[in-house]
Amino acid sequence: MTQTNWIAAAPAPGGWALRAMTTDGGVLREGHAAALSAQALDSFAGASVPVVAAGAGAAPRALPCAPLGDTIALDDLDSAARLAAIPPLAQQSPGARTAGEETAIAGFLSLNKDFDGVLCLPGPVQTLWAHISAEEVVSMQPFATPRLAAALGADAPLADFDAALSDTLSRPERLAAHLADPARGCPWGHLIGAELAAARPWWLGQQVAVIGNGTVAAHYTRAIGTQGLAPVQADGTAMLLKGLAEAKRRAGL
């Protein structure tokens, strides 16, 4: 039977998403923990298994900086140094803080070392736009689009996404009116349209990549493509695990 070599941990609603990993980067099983306690981690994969956690450092690092930084903090879990904590990135103005996105960015850049441009990372809590230059995160801009969609009870983007996107992208000041009228179509289309209008200085004339999973990430890619760009889409989970594996290597776990 294949044994767990290490645990990959990333922020998730209500706590932490856990993945039991093999030596070669395969995922044996997935789970959830409310906190990164020794008890929770031991019950998930056994005692003394190394843990690498995205966005878990106590002190965030200010931009500009490389997504993983020069060092990975090693913390104790029940007196055994087995937790490699990847600090989040923080920016004062506009206020922004990563919650695992820094690790997905690191995974993407490890595979695309010459990338200079903008990354769009839609997640369950925020969509983060990050300006990348010389393998560093130069600046970032968060949007509350996923939280707004959840508050509206919006499902995944629907067939009328394109019309709603175009409607609000061209008239973002009408967003509240569009969302108040169910006949105006897909809420996700309106919300992403307003986001793209606000983020125009970020993506206009830039190389853009979307890092994410599922229908929502695909519709971000589609929406950006309607603006004359040719964005690439990278699997968000794969980029996160790639970044976590690189942090594990640097930490010597």
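What you see is a predicted model, and the numbers here were worked out from it, not measured in a lab. (Residues numbered from 1 in each chain as written. Predicted model: local features only at pLDDT ≥ 70, side-chain atom pairs only at ≥ 80, totals over all residues. Heavy atoms only, no water.)

Engineer: Could you clarify how one ought to interpret the nonpolar core in this entry?
Structural biologist: One recurring pattern in soluble globular proteins: nonpolar side chains tend to sit buried together. Within the largest apolar cluster, 28 residues are counted, with the highest numbers of intra-cluster contacts made by W129, W188, I192, L196, W203, Y220 and I224. Per element, the largest residue contribution to this core is six residues, and it comes from helix α6 (residues 187-198). Not counting chain neighbours up to four residues away, the residues in contact with I192 comprise T145, F161, L165, Y220 and A223. One finds L63, I105, I211 and M239 within the second-largest nonpolar core, a separate group that totals 20 residues. (Core = buried A, V, L, I, M, F, W, Y, C linked by side-chain atoms within 4.5 Å. Buried < 20%, exposed > 50% of the residue type's maximum accessible area, 1.4 Å probe, protein only. Helix = DSSP H or I, 4+ residues; strand = E, 2+ residues; numbered from the N terminus. Contact = heavy atoms within 4.5 Å.)

Engineer: Can you help me understand the sheet that holds strand β5 (residues 61-62) in this one?
Structural biologist: In any sheet, the strands associate via hydrogen bonds between backbone groups, in a parallel or an antiparallel arrangement. Taken together, the three strands give an open sheet; going across it, the order is β5-β8-β9, and neighbouring strands pair in mixed fashion. In this open sheet, the two edge strands, each paired with only one partner strand, are β5 and β9 (96-97). Relative to β9, strand β8 (residues 89-91) is paired through two bridges, and the arrangement is antiparallel. Bridge pairing in β9 places A90 opposite R97. (Pairing = 2+ DSSP bridges.)

Engineer: Where do I start with the sheet that holds strand β14 (residues 232-235) in this structure?
Structural biologist: The sheet built from five strands is open, its strands ordered β12-β11-β10-β13-β14 with mixed pairing. The open sheet has two edge strands, β12 (136-143) and β14, and neither has a second partner. Going from strand to strand, the sheet's axes swing by 25° on average, the running direction of each strand aside. Strand direction decides the pairing type here: strand β10 (residues 117-122) and strand β11 (residues 127-133), joined by six bridges, are antiparallel. Residue pairing in the sheet places V118 in a bridge with H131 of β11. Packed onto the sheet, helix α8 (residues 214-225) meets β10, β11, β13 (208-212) and β14 and runs at close to 170° relative to β13. (Axes fitted to C-alpha atoms, helices over the stretch in contact; angles between N-to-C directions.)

Engineer: So what exactly am I meant to see when it comes to the pairing of β14 here?
Structural biologist: The two faces of the sheet receive side chains in turn, since in a regular strand these alternate between them. Strand direction decides the pairing type here: β13 and β14, joined by four bridges, are parallel. Among the inter-strand pairings, G212 is bridged to a residue of β14, identified as D235. Taken together, β13, α8 and β14 form a β-α-β motif whose crossover is right-handed. (Right-handed = clockwise from strand over helix to strand, strands pointing away.)

Engineer: Can you help me understand the pattern of salt bridges in this one?
Structural biologist: Pairing between side chains of opposite charge can happen when their charged atoms approach one another. A complete count under the given rule lists six salt bridges for this structure. With its nearest N and O atoms 2.6 Å apart, the salt bridge here joins R249 to E246. With R249 and E246 both in helix α9 (residues 236-251) and three residues apart, this pair spans about one turn of that helix. When the shortest N-O distance is used, the salt bridge between R250 and E246 registers 3.0 Å. Of the two residues, R250 and E246 are both situated in helix α9; the distance of four residues between them amounts to about one turn of the helix. (Salt bridge = Lys/Arg side-chain N within 4 Å of Asp/Glu carboxyl O.)

Engineer: What am I meant to see in unusual backbone geometry here?
Structural biologist: Trans is the prevailing form of peptide bonds, just as negative phi is the prevailing case for residues other than glycine. The omega torsion across L63 and P64 is -5°, close enough to zero to call that bond cis. Structurally, P64 can be placed in the loop between β5 and β6 (73-77). The omega angle of the peptide bond from S93 to P94 is -5°, so this bond is cis rather than trans. Here P94 shows up in the loop between β8 and β9. The phi angle at A134 is positive, at roughly 55°, despite the residue not being glycine. As for its position among the elements, A134 is in the loop between β11 and β12.

Engineer: What should I look at first to understand helix α4 (residues 161-170) in this one?
Structural biologist: The α-helix advances 3.6 residues per turn, and as a result positions three or four apart in sequence lie on the same side. Looking only at α4, the buried set comprises F161, A164, L165, T168 and L169. Down the axis of α4, the buried side of the element spans an arc of 120°, and every buried residue falls inside it. Those residues of α4 that are exposed and aimed more than 90 degrees away from the buried face are A163 and S170. Looking at the buried side of α4, the elements it contacts are α5 (175-180), α6, α7 (200-203) and α8. (Arc of directions from axis to C-beta.)

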